[in-house]
Amino acid sequence: MTSELLRRAREYERVRLPEIRPGLLPAFHLTGGVGWINDPNGFSVYRGEYHLFFQYYPFGTYWSSMHWGHAKTKDFIRWERLPCAMAPDEPYDGYGCFSGSAVELDDGRQLLMYTAVRKERREDGSEDEFQTQCLAFGDGTDYEKYAGNPVISAGELPAGGSARDFRDPKIWREDGRYYAVVGNRCPDGTGAILLYESENALRWQYRGILAASADRRGRMWECPDFFALDGLHVLLTSPQEMRADEPEFIQGNTTLCLIGPYDRERVRLETEHEQTIDYGLDFYAPQTLLAPDGRRIMIAWMQFWDSVNWHPPELPFFGQMTLPRELRVRNGRLYQMPVRELETYRSAKKEYRSLILSGETELEGVRGRCVDMIVLIRPETEDGLDTFSIHVAAGGSFDTEIRYSPIRHTILVDRSRSGFPPHIRSTREFPVSAEDGTVALRVILDRWSMELFVNHGERAASFTLYTPQEADGIRFRARGTARIDVEKYDLEIEHE
Ligand code: FRU
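Below: a short report on this structure. (Residues numbered from 1 in each chain as written. Predicted model: local features only at pLDDT ≥ 70, side-chain atom pairs only at ≥ 80, totals over all residues. Heavy atoms only, no water.)

1. A look at the overall build of the protein
Piece 1. Tallying secondary structure elements over the protein gives 1 helix and 33 strands in all.
Piece 2. The globule rule puts the C-alpha radius of gyration for 496 residues at 23 Å, and the 23 Å found for the protein is close to it.
Piece 3. Projecting the C-alpha coordinates of the protein onto the three principal axes gives extents of approximately 70 × 50 × 50 Å.
Piece 4. Buried positions account for 61% of the 496 residues belonging to the protein.
Piece 5. Counting only contacts in the protein whose residues sit at least 6 apart along the sequence, the fraction spanning at least 24 positions is 59%.
Piece 6. A total accessible area of about 19,300 Å² is found for the protein, and carbon and sulfur atoms account for 46% of it.
Piece 7. Both charge centroids of the protein, one from 60 positive and one from 78 negative side chains, sit 1 Å from each other. (Helix = DSSP H or I, 4+ residues; strand = E, 2+ residues; numbered from the N terminus. Rg over C-alpha atoms; globule rule 2.2 N^0.38 Å. Buried < 20%, exposed > 50% of the residue type's maximum accessible area, 1.4 Å probe, protein only. Contact = heavy atoms within 4.5 Å. Areas by Shrake-Rupley, 256 points an atom, 1.4 Å probe, with all protein chains shown as cover. Lys, Arg positive; Asp, Glu negative; His and termini not counted. Charge placed at Lys NZ, Arg CZ, Asp CG, Glu CD.)

Set out below in C-alpha cells:
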C-alpha cells in the first residue's frame, strides 16, 4: 500500500528528475539526483543485482524527515534510480525512517531493517525521542512495513542502554540464522555496538556488547557493520564527537575501524588494531555487502556532518556516495581499492615512464575532471626531494593539492582553492609508509569529488570539491627532484 507521503515523494521524483541536467551530477558517484542524501542503507544483493538505499529527503537539499531513496546497479558504477522506497508514514516512524540494512529472504522477498524514530511531547512541552528497530518487506521496488513493528525496542536493551540513541541495524545471515548489530549509548554516555540474534528476523534476542568506546573513541557510535575478512573480524562504526588524536583520528563525527579475533562465546571483538577508515574530509557511515564472488565491498556517504551547512546553490543535489571499494585486511590494516569494474570504463590512456621532474610541469594529454590516474613517485636520491605535489582541478584561481613529503612521511591534501567558503575545513595531513621514499598514488576525479588511494589501498582519502568544471588542469610540482611514472585514463560513463 502506498501512503500519501510516499506517493508525494515518488510524484516529486517523477516530475523533477527528468529536469535535471545530467552534467550537473557526478558521472559515476551516486546522488539522490534531487534533494538531500546521507548514509548508505540496505547495501545488498537482491535477485542478482546490487541494491542501495539511502537516507533521503527529496524535497530540498537539507536534512529533514528521512525517507529511504533507492537505486540499483549491476556493476557498482552505472546506477539505475528506483522510486523512493519508504516514507515516514507510520505512528512509530513519523519523525523519520533512519538508517538500516537489507537481506534477501528464501521466499524471494527483500527484507529492510531500519530505525524508526518517534517523538512524544512531555507534559512540560519538551520532547522525548524513541528509536526502535523495524522491518519492511518488498519485491525490489515496493515495500510494506511489517504489521508487527517494532521488532526490537527498549525492552531488548542491556541495563542502562539508551532508548533514544539506539539505531542503524546492520542485518546479515549466517548458518541459517539472522544477526544484527545496532549502535547504542552506554550508561557512561558513550558508544557501544550491540549484537542481536534471530531465527526468523521477526523475533530478536539481545546477545551482548561487541565493542564499546568507554569514552576513548568518541561518543554515540552510529552505523555499525561487522564481518569476517581475511581470517579476522572487522567492526566499522561512525563515532560522533571524536576527540582529536592526530594523525590517526581528527576531531568531530568521523569513522573508526576495529580489527581482531571474534570471541563468539563471550560476544566480544578482541580488538588488536584500530584505525580511521578514510583519511579525507568527507567520509561517513560506511556499509558493506558480500558479493557473490566473495568480495567484501564498502560504500560510504562522501560527506562529513561538520560541513553540511554549505553547498553550491546551483547544484540540485546534496550528498554523494563514495565509489564502492573492495576491502582486504593486510598486516592488521583495512585496505581499500575502487571496485575493479571501474577499469572497464577507462579510455584515452596516456602513459609516461621514468620522467625526471623538478619544478612545475604539465603533461600533454593529462587533464580532466573524470579521471583515473596512477602516479608512482620516487625521490631521486642524489638531489633529494622535499615535496612532490599533484595539483588537480586546476585552472584560474582554483586547484586542489596533493602534497607528498618524503621527509615528514605524510600526504597533505589542501582544498582551500576548491570552491569552498573559508569556514569549511580545507586541509588534512596523514601518514604514509614509503619504503625508499617511493609512494604509489591513485587519484579518481568525478566532477565534484576526488578520491585518493595510497600504496595500493593502504590508505584512502575522500574529498568533495566544488571547483567549477572548467578548472580541469593537472600539474606536477617537485621541490627537489623526483622520478615519476604516470598512467592516466579518462572515465566515460554513458547513462541509459
Ligand atoms: C548517521 C545518522 C544515523 C541516522 C541517520 C539519520 O549519519 O545520524 O545514525 O540513522 O544519520 O539520517
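2. Description of the nonpolar core
Piece 1. One finds Phe28, Phe43 and Ile77 to be the most contacted residues of the largest nonpolar core, which totals 52 residues.
Piece 2. Elements that contribute at least two residues to this core include exactly helix H1 (4–16), strand E1 (35–46), strand E2 (49–57), strand E4 (79–86), strand E19 (284–290), strand E20 (296–301) and strand E21 (317–318).
Piece 3. No other element matches the 5 residues that E2 contributes to this core.
Piece 4. Apart from residues lying up to four places away in sequence, Ile77 is in contact with Phe28, Leu323, Val339, Glu341, Leu342, Tyr345 and Ile493.
Piece 5. Among the nonpolar cores identified, the runner-up in size contains 40 residues, and Tyr279, Leu281, Ala461 and Ile474 belong to it. (Core = buried A, V, L, I, M, F, W, Y, C linked by side-chain atoms within 4.5 Å.)

3. Some thoughts on the site of the ligand
Piece 1. Near the ligand lie 13 residues; those nearest to it are Asp39, Gln55, Arg167, Asp168 and Glu222.
Piece 2. Contact distances for the ligand include 3.1 Å between an oxygen atom and a side-chain N or O atom of Asn38.
Piece 3. In the model, an oxygen atom of the ligand is placed 3.1 Å from a nitrogen or oxygen of the Ser99 main chain.
Piece 4. Bound to the protein, the ligand loses 95% of the 320 Å² it would expose on its own.
Piece 5. Those elements giving two or more residues to the shell around the ligand turn out to be E1, strand E5 (96–104), strand E9 (166–174) and strand E13 (221–229). (Near = heavy atom within 4 Å. Polar contact = N/O pair within 3.5 Å; in protein donor to acceptor, adjacent residues only side chain to side chain.)

4. Considerations on the sheet that holds strand E10 (residues 177–185)
Piece 1. Overall, antiparallel pairing links the 4 strands, which are arranged E9-E10-E11-E12 in an open sheet. The open sheet has two free edges, formed respectively by E9 and strand E12 (204–212), since each of these has just one partner strand. Between one strand axis and the next, the sheet turns through 25° on average, direction left out of account. (Pairing = 2+ DSSP bridges. Axes fitted to C-alpha atoms, helices over the stretch in contact; angles between N-to-C directions.)

5. Topic: the pairing of strand E14 (residues 232–239)
Piece 1. For E14, the buried fraction is high: 7 of the 8 residues fall into the buried class.
Piece 2. Relative to E14, E13 runs antiparallel, the two sharing 7 bridges. Bridge pairing in E14 places Ala228 opposite His233.
Piece 3. Between E13 and E14, which follow one another and run antiparallel, lie 2 residues, and Asp230 among them has a positive phi close to 50°.
Piece 4. The sheet contact formed by E14 and strand E15 (residues 256–260) spans 5 bridges and is antiparallel. By the bridge assignment for E15, Val234 is matched with Ile259.

6. Things to note about the pairing of strand E7 (residues 127–138)
Piece 1. For E7, the buried fraction is high: 9 of the 12 residues fall into the buried class.
Piece 2. Joining the antiparallel neighbours strand E6 (residues 110–121) and E7 is a turn of 5 residues, in which Gly125 adopts a positive phi near 95°.
Piece 3. As judged from the 3 bridges shared by E7 and strand E8 (residues 143–145), these two strands associate in the antiparallel manner. Bridged to Gly138 within E8 is Tyr143.
Piece 4. Linkage of E7 to E8, two consecutive antiparallel strands, is achieved through a turn of 4 residues, within which Gly140 is found at a positive phi near 100°.

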